[in-house]
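Observations on the model geometry
For reference, the chains in residue letters:
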Amino acid sequence: MIGRLDLKVDRFSGVYILLLFIVVFSLARPDTFAQVETVHILASSQAVNGLVAIAVLIPMICGQFDLSVGANANLVAMVAVTLQVEQGTQVLAAVAVAVAIGLLIGVVNGFIVVKLGVSSFIATLGTASILTAFQTMVTKSQLPPVPESDLWSAITQTEVFGFQIVVVYLIIAVALAWWVLECTPADRYMMATGSNPDAARLSGIRTDTWSWISFVASGGNAALAGVLFVSLAGVAVTFGNSLVLPAFAAVFLGSTQLKPGRFNVLGTILAIFVLATGVLGLQLLTSIPWINEMFNGLAVIVAVALAVAKRPGSSRRSRRERRLDPGDGDGDGEGDGDAYERDGKPESVSSQRT
């Protein structure tokens with residue numbers, strides 16, 4: 001019976017690592033780590049990171065990168081603060097304007113990638129630089145004062161069952177994203193767009209439309225995350241960049257969890273808390289100021305390597321492609337593979353073997 005025990009390490013390794021972190025750090029620092037307050041701090045501090053990770057995740061399902069999420073969050077947060085302080089705008093109206101700007105940024109990113117044909121990596125990297133310039137224009141290189149409205153801090157710091165309400169926002173966002181990406185046709189369309197856009201287009205899926213939608217959703221999520229960050233942690237003008245690396249690390253690491261080889265919401269959120277628990281525990285043990293950057297940098301490298309390794313057929317890809325190459329000396333050019341040309345049209349291996 002023990003020999004048959006299947007711990008499903010390939011799917012739940014993140015859960016085991018999280019439990020290991022909790023046990024080790026609780027034993028090493030029982031006076032600081034093994035406290036209820038630590039759970040509250042982790043949940044509240046990672047709620048915003050979770051929203052940013054969802055913003056990164058959605059375009060990646062469509063095979064796109066959005067590197068502008070940090071600059072987006074930073075800019076719209078400063079707009080929301082400036083509107084309240086300088087224009088006397090009501091809190092909810094300022095938040096609505098900020099989120100609308102984030103959605104507009106997503107529209108622009110989608111236009112550049114879909115209509116102009118620019119690589120999403122280059123397009124959103126350029127957009128991020130432009131947004132940083134706009135932020136400097138909005139703030140005039142000065143730190144805006146904190147809005148005086150009690151509602152501004154209450155939208156994130158109101159307590160619900162001992163947790164700050166920003167945690168509730170994350171739960172709602174995760175539930176909504178999970179439903180859309182797991183229980184609706186959008187899931188299949190976006191996955192097809194990301195895995196094989198040419199085949200998806202030939203099957204009638206509007207790949208450009210879904211890529212554009214993913215950028216808009218990413219922009220809105222990033223904007224909301226930026227507003228909530230400033231409401232929760234206070235006004236800052238350089239926080240956006242610190243949100244990007246953990247988000248990408250969580251998305252790639254999450255693709256090795258629960259549904260290996262596939263970007264998924266629940267795996268991403270699990271990865272967020274695994275990484276955050278590791279960072280917090282190491283900070284309490286070592287008090288090294290640079291441990292956060294070091295840990296997240298290593299996490300990105302390891303997560304991407306694991307994600308590539310988990311990709312179906314990745315270990316056989318190069319050998320398969322060599323067998324398909326008619327110039328590799330085999331003479332006929334019809335080795336095993338995914339597809340080849342027949343009469344000018346791509347045909348799957350399964351159909352040609354049938």
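Our subject in this report is the structure included herewith. Not measured: the values here are computed from a predicted model.

**Things to note about the side chain of S120**
Tracing the backbone through its elements, the reader meets S120 in helix α5 (residues 120–139). With a relative accessible area of 6%, S120 lands in the buried category. For S120, the side chain forms a polar contact with the main-chain nitrogen of F65, separated by 3.0 Å. Setting aside residues up to four positions removed in sequence, S120 forms contacts with Q64, F65, V113 and F215.

**Here's the deal with the pattern of salt bridges**
Following the criterion strictly, the structure yields 4 salt bridges and no others. The residue R262 makes a salt bridge to E182 at a minimum N-O spacing of 3.6 Å. Linking R262 in the loop between α11 (240–254) and α12 (265–286) with E182 in helix α7 (residues 166–183), this pair joins segments that are 80 residues apart in sequence. Judged by its relative accessible area of 21%, E182 is partly exposed. Across the pair D187 and R262 runs a salt bridge whose closest N-O atoms are separated by 2.7 Å.

**Overview of helix α1 (residues 9–28)**
Taking the largest bend as the criterion, α1 deviates by roughly 30°, centred on V15. Buried positions along α1 lie against α12.

**As for unusual backbone geometry**
With a phi close to 55°, F161 is a non-glycine residue in the positive phi region. Along the chain, F161 falls in the loop between β1 (159–160) and β2 (163–164). Backbone geometry at L258 places phi at a positive 65°, although glycine is not the residue there. Take L258: it is sitting in the loop between α11 and α12.

**What about the nonpolar core?**
Formed by 68 residues in total, the largest nonpolar core has its most connected members in V48, W152 and V230. With 13 residues, helix α2 (residues 36–61) is the largest single contributor of residues to this core. Not counting residues within four places of it along the chain, the set of residues in contact with W152 comprises A80, V81, Q84, V91, V95, P147, V227, V230 and S231. In this structure, L18, L270, V274 and L280 belong to the second largest nonpolar core, which totals 9 residues.

Thresholds applied
- Residues numbered from 1 in each chain as written.
- Predicted model: local features only at pLDDT ≥ 70, side-chain atom pairs only at ≥ 80, totals over all residues.
- Heavy atoms only, no water.
- Helix = DSSP H or I, 4+ residues; strand = E, 2+ residues; numbered from the N terminus.
- Buried < 20%, exposed > 50% of the residue type's maximum accessible area, 1.4 Å probe, protein only.
- Polar contact = N/O pair within 3.5 Å; in protein donor to acceptor, adjacent residues only side chain to side chain.
- Contact = heavy atoms within 4.5 Å.
- Salt bridge = Lys/Arg side-chain N within 4 Å of Asp/Glu carboxyl O.
- Bend = angle between axes of the 7 residues up to and from the residue.
- Core = buried A, V, L, I, M, F, W, Y, C linked by side-chain atoms within 4.5 Å.

Without other data, these values stay purely geometric and don't point to any function.
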